[in-house]
Structures are given as structure tokens and as C-alpha cells.
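These are the residues of each chain, in order.
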Amino acid sequence: MNYKEILKTKTILLAEDDSGTRDVLSIILKVISGRLLLAKNGKEAYDLYKKYKPDIIISDINMPVMSGIDFIKKLRIKDTKVPVVMLTAHTDTNYLLDAVKLMLTDYIIKPIELDKLLEVLHQCCEFLTLDTKKEIFLKNGL
């Protein structure tokens, strides 16, 4: 199964406060994913995460109410496995070093290029398929 087929079975949560960026990304993500959840800030994103447990999270770093960094910090307390991609207009090293501590799959610098977005989603799918462990049960409860 290639990553495009895998994406069709996945739920993506997009947290982005800029309506223009959110609208453009949502058009693309609706076409390539199984389901898309949209949030305008980190608090909305965290609430959607708790309710729907999305397979992939794409979040802007700077958002009102709760930043993307704070959202992912809160998320990582409960879930260290969900792939997270951060969107940022910042190339400031200190800012990005804070983000790195959050076990990101990758980050994308704005303006977002379609090829980079697809490449990062491919990485997310590879990570998700690596995490599919199978259990084999033997006699005597082993």
C-alpha cells in the first residue's frame, strides 16, 4: 500500500489560525485524507484530539488562546506516538529548538510548498506503518 492509499484511511487534524492558510490546506487535505478536522487555535485542536484521536496532526506554532507549542506539549503528556508536523513562519533557531523537544515528525516553513507537504505526509505514513505491531498468542497464555 503506498502512502496515498494509507492517507485515504487516516484522519488528519489541522490547527491553523490564519483562515487563508487553513482554507487552502483544507482543500488539499480533504482530497488526500480519509477525514479532516479543523481547529483555529490550540485549545480547539486539543479538544478535537481528545474527541477523535486523529492519526496525524498538523499544527501552526503561533496561534491565539493556546499556541501550537503548548498544544503539542499537552498532547505529548498523553500521546507520544501520533505524528506531528509543525507549520511555522519562524526560522529562529531558539523557536525551532523548543519545537524539536516535542518529538515532531517534521516542520514546514511557510509559505507551504505542496511538494514539501506531501513529502512530510509520506514520512508520517511511514511512521504509522512502522508502528503496526502484531501479537501472536501461544499456548498457556504466552
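Reading the values: the criteria
Each chain has its residues counted from 1, following the order in which its sequence is written. This being a predicted model, a pLDDT of at least 70 is required before a residue's local features are given, and a value of 80 or more before pairs of side-chain atoms are given or counted; all residues contribute to the totals for chains, interfaces and linings. With hydrogens and water excluded, all non-hydrogen atoms of the structure serve as input to the side-chain values. Numbering of helices and strands runs from the N terminus; a helix is a DSSP stretch of H or I covering at least four residues, while a strand is a stretch of E covering at least two. Think of it in three bands: with a 1.4 Å probe and only protein chains considered, a residue is buried below 20% of the maximum accessible area for its type, exposed above 50%, and partly exposed in between. Cysteine sulfurs are considered disulfide-paired once they come within 2.5 Å of each other. Every axis corresponds to a line fitted to the C-alpha atoms, with the helix fit spanning only the stretch in contact, and the corresponding angles, defined between N-to-C directions, vary from 0 to 180 degrees. Note on angle classes: values under 35 degrees are labelled roughly parallel, values over 145 roughly antiparallel, values of 65 to 115 roughly perpendicular, and the remainder oblique. In this scheme the handedness of a crossing depends on how the near helix is turned from the far one: anticlockwise by less than a right angle means left-handed, clockwise means right-handed. Residue contacts follow a heavy-atom distance rule, with two residues in contact if any of their heavy atoms lie within 4.5 Å. A strand pair is defined by DSSP finding two or more bridges across the two strands. Handedness is read with the strands pointing away from the viewer; a crossover is right-handed when the path from the first strand over the helix to the second is clockwise. Whenever a nitrogen or oxygen atom comes within 3.5 Å of another N or O atom, the pair is scored as a polar contact, on the condition that within protein one atom can donate a hydrogen and the other can accept it, and that pairs from neighbouring residues in sequence are kept only if both atoms are in side chains.

What's the story with unusual backbone geometry in this structure? I'm lost.
If a residue is not glycine, its phi is most likely negative; likewise, a peptide bond is most likely trans. Between Lys-110 and the following residue, Pro-111, the backbone shows a cis peptide bond with an omega angle of 0°. Note that Pro-111 resides in the loop between strand S5 (106–109) and helix H6 (114–130). Of note in the backbone geometry, Met-103 takes a positive phi value of approximately 55° without being a glycine. Inspection of the secondary structure assignment puts Met-103 in the loop between helix H5 (93–100) and S5. In this structure Met-103 comes out as partly exposed when scored by relative accessible area, which is 45%.

Would you mind going over the state of the cysteines with me for this structure?
The term disulfide refers to a covalent linkage connecting the sulfur atoms of a pair of cysteines. Summed over the entire model, instances satisfying the criterion amount to 0 disulfides. With no disulfide of its own, Cys-124 lies 6.9 Å from the sulfur of Cys-125, the closest cysteine sulfur. Residue class for Cys-124 comes out buried when judged on its relative accessible area of 0%. The exposure class of Cys-125 is buried, given its relative accessible area of 1%.

Is there a simple way to explain the packing of helix H3 (residues 42–52) against helix H4 (residues 68–78) in this structure?
A pair of packed helices can be characterised by two numbers: the angle between their axes and the separation between those axes. It is the contact of H3 with H4, at a shortest axis distance of 9 Å, that shows an interaxial angle of 20°. Here H4 runs roughly parallel to H3, going by the angle between their axes. The hand of the H3/H4 crossing is right-handed. Residues Gly-42, Ala-45, Tyr-46 and Tyr-49 of H3 pack against Phe-71, Lys-74, Leu-75 and Lys-78 of H4.

So what exactly am I meant to see when it comes to the pairing of strand S1 (residues 11–15) here?
Regular strands place side chains that alternate from one sheet face to the opposite one. In terms of residue burial, S1 counts as a mostly covered element, since 5 of its 5 residues are buried. Along S1, one buried face is formed by Thr-11, Leu-13 and Ala-15 and the opposite face, lined by Ile-12 and Leu-14, is buried too. Relative to strand S2 (residues 35–39), S1 is paired through 5 bridges, and the arrangement is parallel. In the strand pairing of S2, Ile-12 is matched with Leu-36. Of the crossover connections in this fold, the one passing from S1 over helix H2 (residues 19–32) to the parallel S2 is right-handed. Sheet topology note: the S1/strand S3 (residues 56–60) ladder contains 4 bridges and is parallel.

What is the right way to look at the side chain of Arg-22 in this model?
Relative to the elements of secondary structure, Arg-22 occurs in helix H2. In terms of polar contacts, Arg-22 uses its side chain to reach the backbone carbonyl oxygen of Asp-17, at 3.4 Å. Look past the residues within four positions of Arg-22 in its chain and what remains in contact with it is Leu-14, Glu-16, Asp-17, Leu-38, Ala-39 and Lys-40.

When you look at the side chain of Asp-106 in this model, what are you seeing that I'm missing?
Among the structural elements, Asp-106 can be located in strand S5. With near-sequence residues (within four places) excluded, Asp-106 lies in contact with Val-84, Val-85, Met-86, Lys-116, Val-120 and Gln-123.

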